[in-house]
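Working through the structure, step by step
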Amino acid sequence: MEQKKAFFPPHRVSDLATLKRRGSEVVVNTSFEVIPVDFLHRENPYQAFVFLCYFSGTVDGKEYSFRKCYARGCPHNLCPHVSQAVMIANRYLVRDYNTLKKAGISLEARLFSLEDMLVKFQDYKEEHDPTLTIHDYINMAREGMDVSVEIRPEFVPAVEHFANYENAQTFLIANFIVNALGKEHRLQRCLACYPTEKEAEEKPKQIKIANARLELLFEEFDQAGVNYTKALFS
């Protein structure tokens, strides 16, 4: 009797690409949501808007689903302004689409848009710093510029506000303090999250996912010559 192989659902975009390269039939669908979230940062509460993409579909006929946070936007200086966050989210989303495309997975490359959001963005000023991501600084290092990065992993408790319910969630945020172009720049990336009430069960899994994403980034740092000290979630 042929033994059935265990199905381990994908939790990352890179998992989907790997499965496709190994010969699996992979179907990917996306949907988007931008939700208000109350964060608590070192006992300082603030609200931000989180840009979520839900990936779902099938691998060899078996269903999977996971979500990925692409950016946070604030109407103050505790994180990028919402108008900047939508651009940051789309830049990372395009990178993921390219990863899937290179693996042979086709899907509609939809993006976040401000028009789709039921939020009014005020106090946006053109003199805000350019919308740069960590990969812009990696590219600077590749071109021979001096770039150094300090990584500070952080668990940030929050409450997500959906249409009909609230959800306590803990976000695994990587803070990057970048020194380049004679200035200090601060960036953040949400690398994973889990329901706070399921911490005992979900926290170890999400730490593995967040650290795997960091390790991929560290490989790019090494290749580009970025000066950094490795720091992981624990």
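The structure contained in this document is the topic of the report that follows.

Calculation criteria
Throughout this description, residue numbers start from 1 for each chain and increase along the sequence as written. In keeping with the predicted nature of the model, local features appear solely for residues at pLDDT of at least 70, side-chain atom pairs appear and are counted solely at 80 or more, and the whole-chain, interface and lining totals rest on all residues. Each side-chain value is worked out from all heavy atoms of the structure, with water and hydrogens disregarded. Each nonpolar core is a collection of buried residues, namely Ala, Val, Leu, Ile, Met, Phe, Trp, Tyr and Cys, held together in the definition by side-chain atoms within 4.5 Å. For the exposure calls, accessible area comes from a 1.4 Å probe over protein chains only, and a residue counts as buried if that area is under 20% of its type's maximum, exposed if over 50%, partly exposed in between. We count a stretch as a helix when DSSP gives it H or I for four or more residues in a row; a strand needs E for two or more, and each element gets its number in order from the N terminus. When checking whether two residues touch, look at their non-hydrogen atoms; a contact exists if any pair is within 4.5 Å. Axis geometry follows a simple rule: fit a line to the C-alpha atoms, using only the stretch in contact for helices, then measure angles between N-to-C directions, giving values from 0 to 180 degrees. Note that the term roughly parallel is reserved for angles under 35 degrees, roughly antiparallel for angles over 145, roughly perpendicular for angles of 65 to 115, and oblique for everything else. Residue polarity follows a fixed list, in which Ala, Val, Leu, Ile, Met, Phe, Trp, Tyr, Cys and Pro are nonpolar, Asp, Glu, Lys and Arg are charged, and the others, Gly among them, are polar. Within this document, salt bridges are pairs made up of a side-chain nitrogen of Lys or Arg and a carboxyl oxygen of Asp or Glu, the two lying within 4 Å of each other. In protein, a polar contact means a hydrogen-donor-capable atom and an acceptor-capable atom, both N or O and within 3.5 Å, with residues adjacent in sequence counting only if both atoms are side-chain atoms; elsewhere, any N or O pair within 3.5 Å suffices.

As for the nonpolar core
In terms of nonpolar packing, the biggest core is built from 54 residues, with Tyr-70, Val-147, Val-149, Ile-151, Phe-176, Val-178 and Phe-221 touching the most fellow members. If one sorts the elements of this core by residue count, helix H2 (residues 82-102) sits on top with nine residues. Beyond its immediate stretch of four places on either side in the chain, Tyr-70 contacts Val-13, Phe-51, Cys-53, Phe-55, Ile-88, Ala-89, Tyr-92, Leu-93, Asp-96 and Phe-112. Membership of the second largest hydrophobic core comes to 16 residues, among which are Ile-35, Cys-74, Phe-162 and Ile-173.

Concerning unusual backbone geometry
Phi is positive for Asp-60, close to 50°, though the residue is something other than glycine. Take Asp-60: it is sitting in the loop between strand E2 (44-59) and strand E3 (62-73). Taking the relative accessible area as the measure of exposure, Asp-60 reaches 48% and is therefore partly exposed. In this structure, Leu-181 takes a positive phi of about 55° despite not being glycine. The residue Leu-181 is located in the loop between strand E5 (166-180) and strand E6 (183-195) in this model. Residue classification places Leu-181 among the exposed positions, given a relative accessible area of 54%.

Description of the packing of helix H1 (residues 13-21) against H2
For any two helices packed against each other, the geometry is given by the interaxial angle and the distance between the axes. H2 packs onto H1 with a crossing angle of 10° between their chain directions and a minimal axis gap of 9 Å. Taken together, the axes of H1 and H2 are roughly parallel relative to one another. Residues Val-13, Leu-16, Ala-17 and Arg-21 of H1 form the contact with H2, whose participating residues are Asp-96, Thr-99 and Leu-100. Broken down by class, the residue content of the contact of H1 with H2 amounts to four nonpolar, one polar and two charged.

What about the pattern of salt bridges?
Taken as a whole, this structure holds twelve salt bridges when the rule is applied. We note a salt bridge from Asp-96 to Lys-68, for which the minimum N-O separation is 2.8 Å. Of the two residues, Asp-96 sits in helix H2 while Lys-68 sits in strand E3, which places them 28 residues apart along the sequence. In this structure Asp-96 comes out as buried when scored by relative accessible area, which is 10%. Put simply, Glu-201 and Lys-205 hold a salt bridge, and the shortest N to O gap is 4.0 Å. Taken together, the residues Glu-201 and Lys-205, both in helix H4 (residues 199-224) and four residues apart, mark about one turn of the helix.

Some words on the environment of Glu-166
Position of Glu-166 among the secondary structure elements: in strand E5. Contact partners of Glu-166, with chain neighbours within four places excluded, come to Val-159, Glu-160 and His-161. Side-chain polar atoms of Glu-166 contact the side chain of His-161, separated by 3.1 Å.

Thoughts on the environment of Phe-112
Note that Phe-112 resides in the loop between H2 and helix H3 (134-142). Along the primary structure Phe-112 and Ile-88 are separated by 24 residues, whereas in three dimensions their C-alpha atoms are 10.0 Å apart. Excluding anything up to four places from it in sequence, Phe-112 contacts Phe-32, Glu-33, Val-34, Phe-51, Leu-52, Cys-53, Tyr-70, Val-86, Ala-89, Asn-90 and Leu-93.

Here we look at the environment of Tyr-64
Of note, Tyr-64 is situated in strand E3. Sequence separation of Tyr-64 and Pro-9 is 55 residues, and the distance between their C-alpha atoms is 5.7 Å. When sequence neighbours within four positions are dropped, the list of residues in contact with Tyr-64 reads Pro-9, Pro-10, Leu-16, Val-27, Val-28, Phe-55, Ser-56, Gly-57, Thr-58 and Val-59. Engagement of the side chain of Tyr-64 in a polar contact is seen with the backbone oxygen of Val-27, the distance being 2.9 Å.

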